[in-house]
Amino acid sequence: MPDPILEIRELHASAAGKEILRGMNLTIRAGEVHAIMGPNASGKSTLAYVLAGREGYEATAGTIRYEGKNLLIMPPEARAREGLFLAFQYPIEIPGMTTMQFLKAALNTIRKHRGLEELDAIDFLALVKERAQLLDVDADFLNRPVNAGFSGGEKKRNEILQMAFLDPKLAILDETDSGLDIDALKIVAGGVNALRGQDRAMLLITHYQRLLNFVVPDYVHVLLNGRIVQSGGKELALTVEERGYGWLEGPDARTSEEKAAP
Amino acid sequence: MAEGNGIRDLARYEYKYGFTTEIEAEAAPPGLNEDIIRLISAKKNEPSFMLEWRLKAYRHWLTMKEPQWANVHYLPIDYQAIVYYSAPKTERRPKSLAEVDPLLLATYGKLGIPLSEQEVLAGVAVDAVFDSVSVATTYKEHLAKLGIIFCAFSEAVQNHPELVQKYLGTVVPDSDNFFAALNSAVFSDGSFCYIPKGVRCPMELSTYFRINAPFIGQFERTLIIAEEGSYVSYLEGCTAPMRAEHQLHAAVVELIALDRAQIKYATVQNWYPGDSEGQGGIYNFVTKRGICAGVDSRISWTQVEVGSAITWKYPSVVLRGDNSIGEFYSVALTAHRQQADTGTKMIHLGRNTKSTIVSKGISAGYAQNTYRGLVKILKKATGCRNYTQCHSLLLGDRCGAHTFPSIEVQNASSRVEHEASTTKIGEDQIFYCRQRGLSAEDAVSLIVNGFCHEVFRELPMEFAVEAQKLLNVRLEGTVG
Ligand SMILES: Nc1ncnc2c1ncn2[C@@H]1O[C@H](COP(=O)(O)OP(=O)(O)OP(=O)(O)O)[C@@H](O)[C@H]1O
Ligand SMILES: [Mg+2]
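Cut-offs and rules
- Residues numbered from 1 in each chain as written.
- Chains lettered and ligands numbered in written order.
- Predicted model: local features only at pLDDT ≥ 70, side-chain atom pairs only at ≥ 80, totals over all residues.
- Heavy atoms only, no water.
- Core = buried A, V, L, I, M, F, W, Y, C linked by side-chain atoms within 4.5 Å.
- Buried < 20%, exposed > 50% of the residue type's maximum accessible area, 1.4 Å probe, protein only.
- Helix = DSSP H or I, 4+ residues; strand = E, 2+ residues; numbered from the N terminus.
- Domains from an automatic or database assignment.
- Contact = heavy atoms within 4.5 Å.
- Near = heavy atom within 4 Å.
- Polar contact = N/O pair within 3.5 Å; in protein donor to acceptor, adjacent residues only side chain to side chain.
- Areas by Shrake-Rupley, 256 points an atom, 1.4 Å probe, with all protein chains shown as cover.
- Nonpolar A, V, L, I, M, F, W, Y, C, P; charged D, E, K, R; others polar.
- Pairing = 2+ DSSP bridges.
- Axes fitted to C-alpha atoms, helices over the stretch in contact; angles between N-to-C directions.
- Buried area = accessible area lost by both parts, 1.4 Å probe.
- Salt bridge = Lys/Arg side-chain N within 4 Å of Asp/Glu carboxyl O.
- Parallel < 35°, antiparallel > 145°, perpendicular 65-115°, else oblique.
- Left-handed = near helix turned anticlockwise from the far one by under 90°.
- 1 Å grid on protein atoms, 1.4 Å probe; cavity = no way out; pocket = protein on both sides within 12 Å on 5 of 7 lines; lining within 4 Å.
- Points joined across faces, edges and corners; volume = space filled by probe spheres on them.
- Patch = residues over 30% accessible without salt bridge, like charges linked within 9 Å, V, L, I, M, F, W, Y side chains within 5 Å.

**Student:** Pulling in residues and values, what's your account of the nonpolar core?
**Tutor:** Residues and elements named next belong to chain B. Of all hydrophobic cores here, the largest spans 74 residues; its most connected members are I362 and L471. Counting residues per element, this core draws most heavily on helix α9 (residues 440-456), at nine residues. Two domains each put at least three residues into this core: domain 1 (17-427) and domain 2 (428-480). Those residues in contact with L471 that lie beyond four places of it in its chain are V304, V306, V331, L333, I362, V448, C452 and F456. L32, V157, L223 and I291 belong to the second largest nonpolar core, which has 55 residues in total.

This is how it looks when you write it as structure tokens:
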């Protein structure tokens, strides 16, 4: 069995003084795709932010190991350079910097960190062309300020484009499928599938079984009130879609992933 | 939770030009009266027309009030506490660089402005002004062969009094405003350039202003005359030691472009801005104006304002010659407790005259940044054009940006276009960048440099690089 990329143990986290994650456990190994489902406000984005190191989201107890290292003491950019990527639920606009400039700076910073040579303008452009084609993104889009004036779907696609560029080890996609039309969904799913590989892992946060038809997960977890209450295979997503979350609430809902995960 | 450099925590900032030079100075006692003015004039061995001019300005200044309309706030300045004249003590003015006090040369070397003959900046002639006097001018002889005069203002008064008398105060009259009047009364040195008819100045001319002595005010005066069909590109840079008191810098710059002449004037202003609490720093109250006196002439101002506790300046162009062009490209950065009220005036008097204004204001920390502009097209000035673009960038949510554009068009055949925006860079943007691997500093510098690009490209290459670095250094420790 491959080594875990991510190991979350009894994690408690709060934002603005309010506890949101309450004893969460999750192990993700290289090559695996995990999906997390859960009702609104169950703490899915909070988990993503804690993993990415966003200010204001504080781990109050428990541990997170990323490739064996203590993730919680790493500043956000160190996590990113080590291959942790977050596709934001609400991508942020950065006026004054084009997507192209942004991508180039980010890519070269990460390459440098990995001991690779920085790409010059020509090699970078070639790479942009290739990846942009993969995601059906046109050049005009890349020359606009990052996410500024982008439609919701365009923003999501831009997240996946960045992911395709930065070659992450652990990609966390926070509702990247929400708000996408069916064609865009297929393109995004294609981009995600293209990145699936032996040494990479993914965590898909989603409300819909729809995405999971295209990107078939190895494991599905249900997050409820800051805890994973149920874990299973891809069929769990179908059950959730059919029955909602009500049946999982209450005293006998299982609280550990271990029971389902191998 | 991520410890380390969130944008609120970046708290380092270093002003690397903050050292002082321990050099013996000859200074006037603090305070201002007619005797001090006579002393300055005598020290400079000035012809009587200069003394008269100074006294007239002084008497006028006494009747004026300090302007209150600018969007800046400071405690009243005690004009009697300022030292109006201070000069490094030397037997006489050095005739060549070889005679310049090595301590002064070392000072400029440390500032990145080598003046010694072996290592002068290639392709840039430099006039170095230290407190109240010019201490050295490089490439002078070389330029003289082309008939170009580039020297200290005080030298021009000695050697070319007819030119000084003809042009001094023609663009900024001694009574123009409170600070211009003060400058006219007490100005001590500065640079003088004269480009003869048809000559294209082959190198950048540049003046480096350095305030060293404590309590001194620097009042320099620059006069550039470009005769018919000539061209000159001029640069100025400024620094000062870190001192707990505020120091006053009230300069006047006059540019005159005759028929088909072109003057490009660039400033990288990095006066000591004060510490992060607003203690100390230079009050930079400057009047800069150019006149496109001749047809088809062109004046462009490019400024990168990074330093000073308070900046108050509006480099302007009076477009008198038909078809003349005025341009203003500005980056004004205010961080910590800095305040800037800056902009331009484009006065269209001639027909088919054009002006372009590109203003980029950046505020960080608790700083306040104001753009103030006037575009005025007179009735007879038909067929004129103005394009103004005024953008503000706020870093964090405790700083402010303000714009006061004013447009007066008195005829129907002229067109003005105005574009404005304010954008805010906050924690969210910085986090997004950091999530992609960029450090907070790199993120800010990328955003800011992208924002300023249109202005930087107006600067000569090496100065653009310098300006970029300056902004980055200045922004360290301020964002949030
Ligand atoms: N910065 C914050 N300050 C205060 N409360 C917060 C903050 N971030 C999240 N919360 C609260 O924590 C809870 C979980 O929010 P979170 O965004 O993690 O939910 P989610 O599962 O991603 O929901 P959704 O499906 O709607 O995206 C919510 O009640 C939310 O209001
Ligand atoms: Mg969410």
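**Student:** So what's going on with the site of ligand 1? Which residues, and what values?
**Tutor:** Residue and element names in this part refer to chain A. Contacts to ligand 1 come from 16 residues, most closely from K44, S45, T46, Y57 and H207. A distance of 2.9 Å separates an oxygen atom of ligand 1 from a polar backbone atom of A41. With respect to ligand 1, the backbone of G43 contributes an N or O atom lying 3.0 Å from an oxygen atom. Protein chains bury 69% of the 640 Å² of accessible surface belonging to ligand 1 in isolation. Contributing elements (two or more residues each) for the shell around ligand 1: β2 (18-29) and α1 (44-52). For the shell around ligand 1, the leading source of residues is α1, giving three residues. Across the shell around ligand 1, the residue classes tally to six nonpolar, seven polar and three charged.

**Student:** Hey, could you go over the side chain of K155(A) for me, with residue numbers and the actual values?
**Tutor:** All names here are of chain A. Assignment of secondary structure puts K155 in helix α6 (residues 152-166). Using a relative accessible area of 16% as the deciding quantity, one classes K155 as buried. Contacts of K155, omitting those with residues within four sequence positions, involve P91, E93, N147 and F150.

**Student:** Describe the sheet that holds strand β4 (residues 57-66) of chain A, listing the residues and the values that go with them.
**Tutor:** All names here are of chain A. Taken together, the four strands give an open sheet; going across it, the order is β2-β1-β4-β5, and neighbouring strands pair in antiparallel fashion. Two strands in the sheet have a free side with no partner beyond their single neighbour: β2 and β5 (69-70). Strands β1 (4-15), β2 and β4 of the sheet are contacted by α1, whose axis makes an angle of about 115° with β1.

**Student:** Summarise the domain arrangement of chain B; cite the residues concerned and give the values.
**Tutor:** All names here are of chain B. Under the domain assignment used here, chain B contains domain 1 (17-427) and domain 2 (428-480). On the domain 2 side, the residues contacting the 37 residues of domain 1 number 26 residues. Between domain 1 and domain 2, the buried area comes to about 2800 Å², and carbon and sulfur atoms account for 72% of it. At the boundary of domain 1 and domain 2, one finds one salt bridge. Across the pair K360 and E454 runs a salt bridge whose closest N-O atoms are separated by 2.9 Å.

**Student:** How would you summarise the environment of L236(A) if you had to cite specific residues and measurements?
**Tutor:** All names here are of chain A. Looking at the element boundaries, L236 is found in helix α9 (residues 235-243). Spatially, the C-alpha atoms of L236 and V220 are 6.3 Å apart, while their sequence positions differ by 16 residues. What L236 contacts, discounting residues up to four positions off in sequence, is V220, V222, Q230, S231 and W247.

**Student:** Can you break down the packing of helix α3 (residues 99-113) of chain A against helix α4 (residues 121-134) of chain A residue by residue, with the values?
**Tutor:** Residues and elements named next belong to chain A. Two elements in contact, α3 and α4, have axes separated by 11 Å at closest approach and are oriented at 110°. In terms of axis orientation, α3 runs roughly perpendicular to α4. When you trace α3 past α4, the crossing you get is right-handed. Where α3 approaches α4, its residues M100, L103, K104 and L107 are matched on the opposing element by A121, F124, L125, L127 and V128. Residue classes in the contact of α3 with α4 are distributed as eight nonpolar, no polar and one charged.

**Student:** How would you explain empty space enclosed by the protein if you had to name every residue and give the values?
**Tutor:** To locate leftover empty space, one rolls a probe as large as a water molecule over the atoms. Residues and elements named next belong to chain B. Counted by the stated rule, this structure contains six cavities of 30 Å³ or more. As a volume, the largest cavity reaches approximately 90 Å³. Residue lining of the largest cavity: 16 residues in total, with S359, G361, N369, T370 and Y371 positioned closest to the centre. Looking at the lining of the largest cavity, the elements that each hand over two or more residues are β17 (325-334), β18 (339-348), β19 (354-364), β20 (368-377), β21 (385-395) and β22 (400-409). Counted by class, the lining of the largest cavity contains five nonpolar, 10 polar and one charged residues.

**Student:** I'd like a rundown of a nonpolar patch on the surface, residues and numbers included.
**Tutor:** Residues and elements named next belong to chain B. Judged by side-chain polarity, I407, V409 and V416 come together as a nonpolar surface patch covering roughly 190 Å² of accessible area. Along the chain, V416 turns up in strand β23 (residues 415-425). Among the residues examined, V416 registers a relative accessible area of 32% and is labelled partly exposed.

**Student:** Give a detailed account of the environment of K234(A), specifying residues and quantitative values.
**Tutor:** Residue and element names in this part refer to chain A. Residue position: K234 is located in the loop between β12 (227-232) and α9. For the pair K234 and P91, spaced 143 residues apart in the sequence, the C-alpha separation amounts to 27 Å. Setting aside its immediate chain neighbours within four residues, K234 contacts V216, P217 and V220.

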